[in-house]
Amino acid sequence: NAGVTQTPKFRILKIGQSMTLQCTQDMNHNYMYWYRQDPGMGLKLIYYSVGAGITDKGEVPNGYNVSRSTTEDFPLRLELAAPSQTSVYFCASNLRGGGDNEQFFGPGTRLTVL
Amino acid sequence: GEDVEQSLFLSVREGDSSVINCTYTDSSSTYLYWYKQEPGAGLQLLTYIFSNMDMKQDQRLTVLLNKKDKHLSLRIADTQTGDSAIYFCAESPNTGNQFYFGTGTSLTVIP
């Protein structure tokens with residue numbers, strides 16, 4: 001199993017540009033998440049999904065959109081990039097809810113908006 | 001969202017014990033976790049504890065939970081240079097759909 005994979009690893013955007021961060025997992029996990037990590041701030045949840053066709057907002061959803069058309073993929077879309085979206089983005093997945101199962105993380109995408 | 005607090009930095013000498021502390025606010029937290037993040041990598045689960053437990057031991061790792069004070073700690077015995085990383089505390093409330101992470105503690109092990 002490759003686990004959770006994310007592309008790209010790095011990206012520089014200009015203000016107002018758009019892009020999609022890709023996330024794929026091959027563990028047949030139902031739950032998938034997008035977090036952003038800012039220095040000294042820990043991880044903040046952007047969006048999550050408990051299954052194909054179902055998405056929900058986390059703590060910091062503004063400026064982002066997601067879709068979950070398949071179990072494997074959970075792309076994150078930035079429509080109008082802003083400098084405040086400069087961050088490291090992590091995708092994660094776990095098999096089910098309930099908390100007693102491991103959340104697996106991808107390697108991250110480092111995004112800079114200039 | 002729920003607040004999960006950690007101190008930002010900790011330095012220890014190789015061979016000593018490290019203790020990383022965490023406080024949280026959500027009294028309905030069911031599971032509490034410790035994750036490790038090495039440079040340039042994603043987070044990796046180290047261990048977790050169910051809220052009805054006081055302690056959990058796993059090789060060099062000991063987790064202590066004081067539910068009354070909402071305080072969680074991670075003790076690493078015989079700390080090695082390979083333990084240098086950022087350690088995140090996280091909690092999941094009863095629904096288990098979301099995880100709330102602390103700010104992370106950067107552990108530096110001095111040879």
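Calculation criteria
- Residues numbered from 1 in each chain as written.
- Chains lettered and ligands numbered in written order.
- Predicted model: local features only at pLDDT ≥ 70, side-chain atom pairs only at ≥ 80, totals over all residues.
- Heavy atoms only, no water.
- Helix = DSSP H or I, 4+ residues; strand = E, 2+ residues; numbered from the N terminus.
- Rg over C-alpha atoms; globule rule 2.2 N^0.38 Å.
- Buried < 20%, exposed > 50% of the residue type's maximum accessible area, 1.4 Å probe, protein only.
- Areas by Shrake-Rupley, 256 points an atom, 1.4 Å probe, with all protein chains shown as cover.
- Contact = heavy atoms within 4.5 Å.
- Pairing = 2+ DSSP bridges.
- Axes fitted to C-alpha atoms, helices over the stretch in contact; angles between N-to-C directions.
- Salt bridge = Lys/Arg side-chain N within 4 Å of Asp/Glu carboxyl O.

Trainee: Sorry if this is basic, but what is going on with the overall build of chain B here?
Mentor: Check the secondary structure of chain B and you find zero helices and eleven strands. If you list the helices and strands of chain B from N to C, you get β-β-β-β-β-β-β-β-β-β-β. Over its C-alpha atoms chain B spans a radius of gyration of 13 Å, differing by no more than 12% from the 13 Å that the globule rule assigns to 111 residues. Its C-alpha atoms give chain B principal-axis dimensions of about 40 × 30 × 20 Å. Residues classed as buried in chain B amount to 46% of the 111 residues present. Working note: accessible area of chain B is about 5,300 Å², and carbon and sulfur atoms make up 47% of it.

Trainee: Help me out: how do you make sense of the environment of Ala92(A) in this one?
Mentor: Residues and elements named next belong to chain A. Structurally, Ala92 is set in strand 9 (residues 87-94). For Ala92, a relative accessible area of 0% gives the class buried. Taking C-alpha positions, Ala92 is 6.8 Å from Val4, a pair spaced 88 residues apart along the chain. In this structure Ala92 touches Tyr31, Met32, Tyr33, Tyr35, Gln103, Phe104 and Phe105, once residues within four positions along its chain are discounted.

Trainee: What is the right way to read the sheet that holds strand 7 (residues 64-66) of chain A from this model?
Mentor: Residues and elements named next belong to chain A. As summarised here, the arrangement of the four strands in space is 1-3-8-7, forming an open sheet in which the pairing is antiparallel. What marks the edges here is a single partner per strand, and that holds for strand 1 (4-7) and strand 7. Ignoring which end each strand starts from, the neighbouring axes of this sheet average 20 degrees apart. As paired elements, strand 3 (residues 19-25) and strand 8 (residues 76-78) share three bridges and run antiparallel to each other.

Trainee: What exactly am I supposed to notice about the pattern of salt bridges here?
Mentor: Pairs can form between side chains of opposite charge once their charged atoms are near each other. All names here are of chain B. Within this structure, the stated rule accounts for five salt bridges over all chains. Where Lys36 meets Glu38, a salt bridge forms, and the shortest distance between an N and an O atom there is 3.2 Å. Owing to a relative accessible area of 13%, Lys36 belongs among the buried residues under this scheme. Between Arg60 and Asp83 there is a salt bridge, and its shortest N-O distance comes to 2.9 Å.

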